[in-house]
Every structure is written in C-alpha cells, then in structure tokens.
Amino acid sequence: MLEKVTAFILQEQPAGLELLAINHPFTGYQFPAGTVEVQEPPEKAVHREIFEETGLQINQSIQFLEHRDTYLNSDEAVLCQASPVFSRPDPSSFNWVHIRSGIKMQVLQQNGKYIQIKYAEPNKFPDADFITFEIIGWVHQANLTNHLRRYFYLVQGHFETPEQWEVYTDGHCFTLSWFSLDNPPAFVSPQDTWLSILMDHLQISN
C-alpha cells in the first residue's frame, strides 16, 4: 500500500472563504498533495508537502477529515518505494534510471518477479496529447502496488500572502492563487472529485 496526503487550505476573508490552488505549468490546477515517505506519519507528511508546494509554514492546527482507499486497474501501478528501472527483467542488466516513490505508471507485462512498466510525462499545454518524456523498463514487483490510501486534511485561517505567488519545486514553477470557494478553478482529474469531500465537511460543520 502507498500512502498519500492532500490539503485543503482555506482563508477567511470578509467576502467569504477562499481556497488555495496550485497551477501546475503542464497539467493544470491541483491541491497541495504528495506521497508519505517511509516511516513518516501522514500528519508530518501533510505539513511537509504544504511547505514544499506552497512555501507556507502552517502554524494553525490541521484537521484530519477522512481517508479513502483506491485500487488501480490491473494494467496500472504505483511505486511504493524508490526503484531502479532495469533494461531487462534481470538485476544484473543496466539501470541508468531511478524513479521516486509515488509515481503512477502503466503495467505492460510480467516476467518472473519483474514487471515491465511504462511511465509517460505529459505536457498538457498547449497539446493535451503531447508526451515530453517516457521511460520503459523493468522493476521488481515488490516495489509496486495498486493499493493507494489518501488522507485528506483541512487548514483554515488567515495567511499573509499575496493573491498570487510562485514556488519552484520538483523541477517546476508552481503558481499559487486564492479563489472564492463559491467559484473554484477546474481541478485536474481525479482531483476534481476531491472538492466534494471539503464541501461535505463544511456543510456538516455548519
């Protein structure tokens, strides 16, 4: 099983609640989210991911909302730990590439204890079908899983930030922006379905 975290960050303003969103330059709007590291508590992971992706040092309490389990299709998997990618289903073959944990990939075939995978990095803008980077190779089956558990957290308060700012992380320049909760941006799939978790919680709280 691979654990992941997602943060809903709300700002209290006189006109109402604002939601923080990340504009990824190649995929679109996302929530602050990421992979829980080995032996890292999810509560610590969500603080780390918020800082890495937004630059915010969270002093407010973070409220756990719920977790959801997802099982990928048989032709999909994610790396549950960082792994070398071998040229053949043989650990003595060359492994010029290592992939970090949390990366989702396509499963092509299996040979013994090794699975041939394909990872493709899209560039949604300006062409949704353009692939800018691709890896095909073999990884040990022990490094893969189709079971994901995602923990959702809420941070609510007032933050001393501009309406928009940039953060450089993970080889990308993210643009951070506040949006009215009544008019959020169109989040990428499957994150567009996560917003209902926040809205359901706020409705219950009120």
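Residues numbered from 1 in each chain as written. Predicted model: local features only at pLDDT ≥ 70, side-chain atom pairs only at ≥ 80, totals over all residues. Heavy atoms only, no water.

Enquirer: Help me get a handle on the packing of aromatic side chains, residues and values and all.
Expert: According to the stated counting rule, one finds 11 aromatic pairs in the structure shown. Consider the rings of phenylalanine 86 and tyrosine 114, whose centres lie 6.0 Å apart with planes at 85°: the pair is edge-to-face. Of this pair, phenylalanine 86 sits in the loop between strand E7 (83–85) and strand E8 (97–99) while tyrosine 114 sits in strand E10 (residues 114–122); the two residues are 28 residues apart in sequence, bridging distant segments of the chain. As far as burial versus exposure is concerned, phenylalanine 86 and tyrosine 114 are alike and both buried. Their ring planes at 45° and their centres at 6.4 Å tell us that tryptophan 165 and tryptophan 178 sit as a pair that is tilted. Of this pair, tryptophan 165 sits in strand E14 (residues 164–169) while tryptophan 178 sits in strand E15 (residues 172–180); the two residues are 13 residues apart in sequence, bridging distant segments of the chain. Tryptophan 178 sits in the buried class, given a relative accessible area of 6%. Through pairs of rings, three or more aromatic residues link up here, namely Phe8, Phe31, Phe152, Phe187 and Trp194. (Phe/Tyr/Trp six-rings, centres within 6.5 Å; stacked < 30°, edge-to-face > 60°. Helix = DSSP H or I, 4+ residues; strand = E, 2+ residues; numbered from the N terminus. Buried < 20%, exposed > 50% of the residue type's maximum accessible area, 1.4 Å probe, protein only.)

Enquirer: Lay out the nonpolar core in plain terms, naming residues and giving numbers.
Expert: Counting 20 residues, the largest nonpolar core has Ile9, Ile50 and Leu56 as its most contacted members. Not counting chain neighbours up to four residues away, the residues in contact with isoleucine 50 comprise Ala7, Ile9, Gly55, Leu56, Ile58, Ile62 and Val155. Among the nonpolar cores identified, the runner-up in size contains 16 residues, and Phe8, Phe179, Leu195 and Leu198 belong to it. (Core = buried A, V, L, I, M, F, W, Y, C linked by side-chain atoms within 4.5 Å. Contact = heavy atoms within 4.5 Å.)

Enquirer: Describe in detail the side chain of threonine 35, supporting the description with residues and values.
Expert: Relative to the helices and strands, threonine 35 resides in strand E4 (residues 33–35). A distance of 2.7 Å separates a polar atom in the side chain of threonine 35 from a polar atom in the side chain of lysine 4. (Polar contact = N/O pair within 3.5 Å; in protein donor to acceptor, adjacent residues only side chain to side chain.)

Enquirer: So what about unusual backbone geometry? Which residues, and what values?
Expert: Here the bond from serine 189 into proline 190 is cis, since omega is 0°, no more than 30 degrees from zero. Relative to the elements of secondary structure, proline 190 occurs in the loop between E15 and helix H2 (195–205). Positive phi is not limited to glycine here, since glutamine 39 has a value of about 65°. Note on placement: glutamine 39 falls in the loop between E4 and helix H1 (42–54).

Enquirer: Tell me about the pattern of salt bridges, residues and numbers included.
Expert: What the rule picks out here adds up to nine salt bridges. With a shortest N-O distance of 2.9 Å, arginine 48 and glutamate 40 are connected by a salt bridge. Per residue, the accessibility class of arginine 48 equals that of glutamate 40, and both read buried. A network of salt bridges, in which partner residues are shared, links Glu37, Glu40, Arg48, Glu49 and Glu52. (Salt bridge = Lys/Arg side-chain N within 4 Å of Asp/Glu carboxyl O.)

Enquirer: An account of the pairing of strand E9 (residues 104–111) is needed here, citing residue identities and associated values.
Expert: Pairing geometry for strand E6 (residues 76–79) and E9, over three bridges, is antiparallel. Within E9, the residue paired with valine 78 across the bridge is lysine 104. Inspection of the sheet shows E9 paired to E10 by five bridges, in the antiparallel sense. Paired with glutamine 106 across the bridge in E10 is lysine 118. The turn linking E9 back onto E10 is made up of two residues, and glycine 112 within it adopts a positive phi angle of 65°. (Pairing = 2+ DSSP bridges.)

Enquirer: Which residues make up the sheet that holds E9, and what are the values?
Expert: The strand order across the open sheet built from five strands is E11-E10-E9-E6-E12, with neighbouring strands paired in antiparallel fashion. Of all the strands in the sheet, the pair left with one neighbour each is strand E11 (131–140) and strand E12 (144–145). Across two bridges, E6 lies against E12 in antiparallel orientation. Bridged to valine 78 within E12 is threonine 145.

Enquirer: Let's hear about the side chain of histidine 147: which residues, and what values?
Expert: Within the secondary structure, histidine 147 sits in strand E13 (residues 147–157). Ignoring any residue separated from it by four or fewer positions in sequence, one finds histidine 147 in contact with Met1, Leu2, Asp69, Thr70 and Tyr71.

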